[in-house]
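# Topology and contacts: notes
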Amino acid sequence: MADRLSSKGVDEIEDLAGEPVDLIEITGVVKWFDVAKGFGFIIPDNGMQDVLLHVTCLRRDGYQTILEGTRIVALIQRRERGYQAFRILSMDQSTAVHPSQMPPIRTHVQVTPTSGLERVLVKWFNRTKGFGFLTRGEGTEDIFIHMETLRRFGLTELRPGQVVLVRFGPGDKGLMAAEIHPDNPNPVSRAH
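Attention in this report is confined to the structure presented alongside it.

Conventions used here
Residues numbered from 1 in each chain as written. Predicted model: local features only at pLDDT ≥ 70, side-chain atom pairs only at ≥ 80, totals over all residues. Heavy atoms only, no water. Helix = DSSP H or I, 4+ residues; strand = E, 2+ residues; numbered from the N terminus. Buried < 20%, exposed > 50% of the residue type's maximum accessible area, 1.4 Å probe, protein only. Contact = heavy atoms within 4.5 Å. Areas by Shrake-Rupley, 256 points an atom, 1.4 Å probe, with all protein chains shown as cover. Core = buried A, V, L, I, M, F, W, Y, C linked by side-chain atoms within 4.5 Å. Pairing = 2+ DSSP bridges. Axes fitted to C-alpha atoms, helices over the stretch in contact; angles between N-to-C directions. Polar contact = N/O pair within 3.5 Å; in protein donor to acceptor, adjacent residues only side chain to side chain. Phe/Tyr/Trp six-rings, centres within 6.5 Å; stacked < 30°, edge-to-face > 60°. Lys NZ or Arg CZ within 6 Å of the ring centre and 35° of its normal. Salt bridge = Lys/Arg side-chain N within 4 Å of Asp/Glu carboxyl O.

Turning next to the overall build of the chain. Helix and strand content of the chain: three helices and 10 strands. Scanning the chain from its N terminus toward the C terminus, one meets helices and strands in the order α-β-β-β-α-β-β-β-β-β-α-β-β. With 192 residues in all, the chain has 39% of them scored as buried. Here the contacts in the chain between residues at least 6 apart in sequence split such that 56% fall between residues at least 24 apart. A total accessible area of about 11300 Å² is found for the chain, and carbon and sulfur atoms account for 50% of it.

Here is the structure:
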């Protein structure tokens, strides 16, 4: 392993505690990366399980963020919960796709909106699971929102209590959001 790394101009690889680290070089594509959460995942070309990519790894190697679809060459290490990127060797963003340029819904049923544009509250949203629920208020049916719908309209995240504008319609299991827009294009952050 050390010989292979030396050929790349890296004499000795150590983790932050100064311990030697057993590393594997992979190439792959960024599945998704969320700057707010500080992590995302790489899909290795060799069929291995997804690799965690933490923002500290990006920043240590001189990058601030990375877009979905970016080709990447990285050194990874086995951790307790799976593989994690240790060092970014190179990235090619020519294959990257900005969320607003993504194709229409890929993973769930397309919904035909039957409502007008309505202001609703985010009840909860889990980006890792890829979905959440919106509410028009007490006594109304919740509205399911899928991550692909957010991506299609250029959004990356929803926060509980956030106000958004949606058009929705009936789905197989209840109401589903077909379109989503920020209520305020320049939201002001509030302390919790």
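Next up on the list: the nonpolar core. The biggest cluster of nonpolar side chains holds 17 residues, and the ones touching the most others in it are Phe33, Ile42, Val51, Leu53, Leu58, Ile66 and Ile88. Mapped onto this core, the elements with two or more residues apiece are strand 1 (24-34), strand 3 (51-54), helix 2 (55-60), strand 4 (71-79) and strand 5 (82-92). If you look at the next biggest cluster of nonpolar residues, it comprises 16 residues, including Val120, Phe125, Ile143 and Phe168.

Our next topic: the sheet that holds strand 9 (residues 163-171). Pairing is mixed around the closed barrel formed by five strands, whose spatial order is 6-7-8-10-9. Each neighbouring strand pair of the sheet contributes to a mean axis angle of 50 degrees, computed without reference to strand direction. Examined bridge by bridge, strand 6 (residues 118-126) and strand 7 (residues 131-135) share five bridges and lie antiparallel to one another. Looking at strand 7, one finds that phenylalanine 125 is bridged to glycine 132.

Here we come to the side chain of serine 115. Relative to the helices and strands, serine 115 is located in the loop between strand 5 and strand 6. Residue classification places serine 115 among the buried residues on the basis of a relative accessible area of 15%. Reaching out from serine 115, the side chain makes a polar contact with the backbone nitrogen of phenylalanine 168 at a distance of 2.9 Å. Sequence-distant contacts of serine 115, defined by excluding residues within four places in its chain, comprise Val166, Arg167 and Phe168.

So, on to the pairing of strand 5. Here strand 4 pairs with strand 5 via nine bridges, running antiparallel. Considered in strand 5, the bridge of isoleucine 76 is made with alanine 85. The antiparallel pairing of strand 4 with strand 5 creates a hairpin that spans two residues between the two strands.

According to the stated counting rule, one finds eight aromatic pairs in the structure shown. Arranged with centres 5.5 Å apart and planes meeting at 65 degrees, the rings of tryptophan 124 and phenylalanine 131 form a pair that is edge-to-face. Connected via pairs of aromatic rings, a cluster forms that spans Trp124, Phe131, Phe133 and Phe144. Taking NZ or CZ as reference, arginine 60 lies 5.2 Å from the ring centre of phenylalanine 86, over its face. Of note, arginine 78 hangs over the ring of tyrosine 83, and the distance from its end group to the ring centre comes to 5.0 Å.

With that out of the way, let us pick up the pattern of salt bridges. Taken as a whole and assessed by the stated rule, the structure comprises six salt bridges. The salt bridge partner of aspartate 183 is arginine 119, with a shortest N-O separation of 2.8 Å. One end of the pair, aspartate 183, is in the segment after strand 10 (174-182); the other, arginine 119, is in strand 6, with 64 residues separating them in the sequence. You can call arginine 119 exposed: its relative accessible area is 55%. One salt bridge in this structure joins aspartate 142 and lysine 123, with 2.8 Å as the shortest N-O distance. Taken together, the residues span a long stretch of sequence, with aspartate 142 in the loop between strand 7 and strand 8 (143-146) and lysine 123 in strand 6 at a distance of 19 residues.

Keep in mind that these numbers describe shape and distance, not what the molecule does.
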